[in-house]
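What the coordinates show
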Amino acid sequence: MSEASSRGMSVEDPLTPRTFLLDTNVLLFDPTSIDGFGRHDVVIPITVIEEVDRFKKDLNETGRNARAVSRRLDELRASGSLARGVPHRGGGKLRVALLDEAVDLPLGFGAASNDNLILATVLQVARGGRAVTLITRDTNMRIKADALGIAAEDYLRGHVDVDESYTGVGALVLPQKQIAELVQKGGMVFTPDEAAAAGIHPNQFLVITAENGAPTSTTVRYDERHMRLRSVSRSHDGIWGVSPRNREQGFALDLLLDDSVSIVTLDGMAGTGKTLLAIAAGLKLVADERRFRRLVVSRPIFPLGRDVGFLPGDLKEKLNPWMQPIFDNLDLLVGGGADTGYTKGGPVAPRTPGYQPLIDQGFIEIEALTYIRGRSLPKQFLIVDEAQNLTPHEVKTVITRAGEGTKVVLTGDPNQIDNPYVDAASNGLTTVVERFKGSAIAGHVTLRKGERSALAELAAKVL
């Protein structure tokens, strides 16, 4: 298979050179894409270079990727003229294309914009007689390209087939005799060969059914390291006042409380209890049992309006709006705290949160994800909320911060993404679920039933 095919581009004849023109969003998502098209040629419009230049000073993943693109193009420039074309690592040539003459787009495309300039560049390059394909992650760009008769494809490197996404829960049919033995002994031997034949992954939960079709209430988790199916406890009472309200929540707590599982991923729609269960388990393991030094809770910042710098106050006050969902969960688990007093002739003064002593004593640390980069986190219980807003590279950066004895928990909903550079099939959370499902130190559960309230569950389903 050609390199281009492995990245998701359809190539009818890998031996026939083609020309791929890259949109800005492809480079900002994956700066290595320049070298990823095998022996085919790559064209980057000058408009894309201008757009990349605008992002290079950003102190986030997009900015880092923009700088990586600039450095790579500068390296290629040393081997020749980018205007005429220079060899890239795949074996083809890369060149930066200018609009030599005005290319009129049909009526309806509106005033000149960067997108329209890129489309005009595609049309100009196509006049040379070679097949040109626009590679863009922008759906509307692909639609507009199709209207112009331009071949356009998504950049699919890192995409996961969401229709066949791994939920962490499966089914297994066993003879009634084996089921009785499993229930009696709390488990049974199950070899990796048997698991592979049944398509079962390490730490996957299984609902057992008898061969005669009789339903059972037995659920197990596959423990690959001990080659066993282990019965799953139905009860996790007393975890900071939180008990599982459905089967998937019980599975999630089983993974969260197991030290042998170093990375846990929980996904599901809003209100299914992902963050609450993770924080409750973290408080138990940190504050009660001291199995970890600290509970670190973090989430990426993706403002829907102006950025954090426009908000008043110090850094803590600026971050509060984004961290408030975490504080709300802590408030629910720990309690309301004490009032600080009364205003003269007025209402009760702001109270001290019940969780504040845990923060003051160093048991809990609430941190924006931006500030975790570069740190080393040994013996921590690290929760990353809203992980669907991370790119695969960002989530790799976070997980590689984990030091000896650290447990990482990623929670999120792949259907609620604020990051314009990822989607349901290419975000960091989905990528981790897919890539780690075969590992004995990883576990995943998709939570399906909303437990916040009947109204919240209905809204999540119908709106």
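Residues numbered from 1 in each chain as written. Predicted model: local features only at pLDDT ≥ 70, side-chain atom pairs only at ≥ 80, totals over all residues. Heavy atoms only, no water.

1. Brief notes about the overall build of the chain
Each helix and strand in the chain was counted, giving 15 helices and 19 strands. Burial statistics for the chain: of 463 residues in total, 49% are counted as buried. For the chain, the proportion of contacts with a sequence separation of at least 24, taken over those separated by at least 6, is 68%. For the chain, the accessible surface area stands at approximately 22500 Å², while carbon and sulfur atoms represent 52% of it. (Helix = DSSP H or I, 4+ residues; strand = E, 2+ residues; numbered from the N terminus. Buried < 20%, exposed > 50% of the residue type's maximum accessible area, 1.4 Å probe, protein only. Contact = heavy atoms within 4.5 Å. Areas by Shrake-Rupley, 256 points an atom, 1.4 Å probe, with all protein chains shown as cover.)

2. Quick look at the packing of helix α13 (residues 392–399) against helix α14 (residues 428–436)
Axis separation between α13 and α14 bottoms out at 8 Å; the angle between their running directions is 70°. Comparing their axes, α14 and α13 come out roughly perpendicular. α13 and α14 meet at a crossing whose hand is right-handed. In this structure, α13 uses P392, V395 and I399 to contact α14, whose residues at the interface are G428, T431 and V432. Classifying every residue of the contact of α13 with α14 by side-chain character gives 4 nonpolar, 2 polar and no charged. (Axes fitted to C-alpha atoms, helices over the stretch in contact; angles between N-to-C directions. Parallel < 35°, antiparallel > 145°, perpendicular 65-115°, else oblique. Left-handed = near helix turned anticlockwise from the far one by under 90°. Nonpolar A, V, L, I, M, F, W, Y, C, P; charged D, E, K, R; others polar.)

3. Details of the pattern of salt bridges
Side chains that differ in sign of charge can pair as their charged atoms come close. Summed over all chains, the structure comprises 19 salt bridges. Between D254 and R221 there is a salt bridge, with the nearest N and O atoms lying 2.8 Å from each other. Here the residue D254 occupies a position in helix α9 (residues 247–256), and R221 occupies one in strand β10 (residues 215–223), the gap between them amounting to 33 residues. Here the salt bridges do not stand alone but share partners, grouping D35, R72, E75 and R89 into one network. (Salt bridge = Lys/Arg side-chain N within 4 Å of Asp/Glu carboxyl O.)

4. Focus on the sheet that holds strand β16 (residues 364–368)
The strand order β16-β13-β17-β18-β12-β19 describes an open sheet built from 6 strands, whose pairing is parallel. Edge positions in the open sheet fall to β16 and β19 (442–447), since each of these has one partner strand only. For this sheet, the mean angle separating the axes of adjacent strands, direction not counted, is 15°. Judged from the 5 bridges that link them, strand β12 (residues 263–268) and strand β18 (residues 407–412) form a sheet pairing that is parallel. In the strand pairing of β18, I263 is matched with V408. Where α14 meets the sheet, its contacts fall on β12, β18 and β19, and the angle it forms with β12 comes to roughly 125°. (Pairing = 2+ DSSP bridges.)

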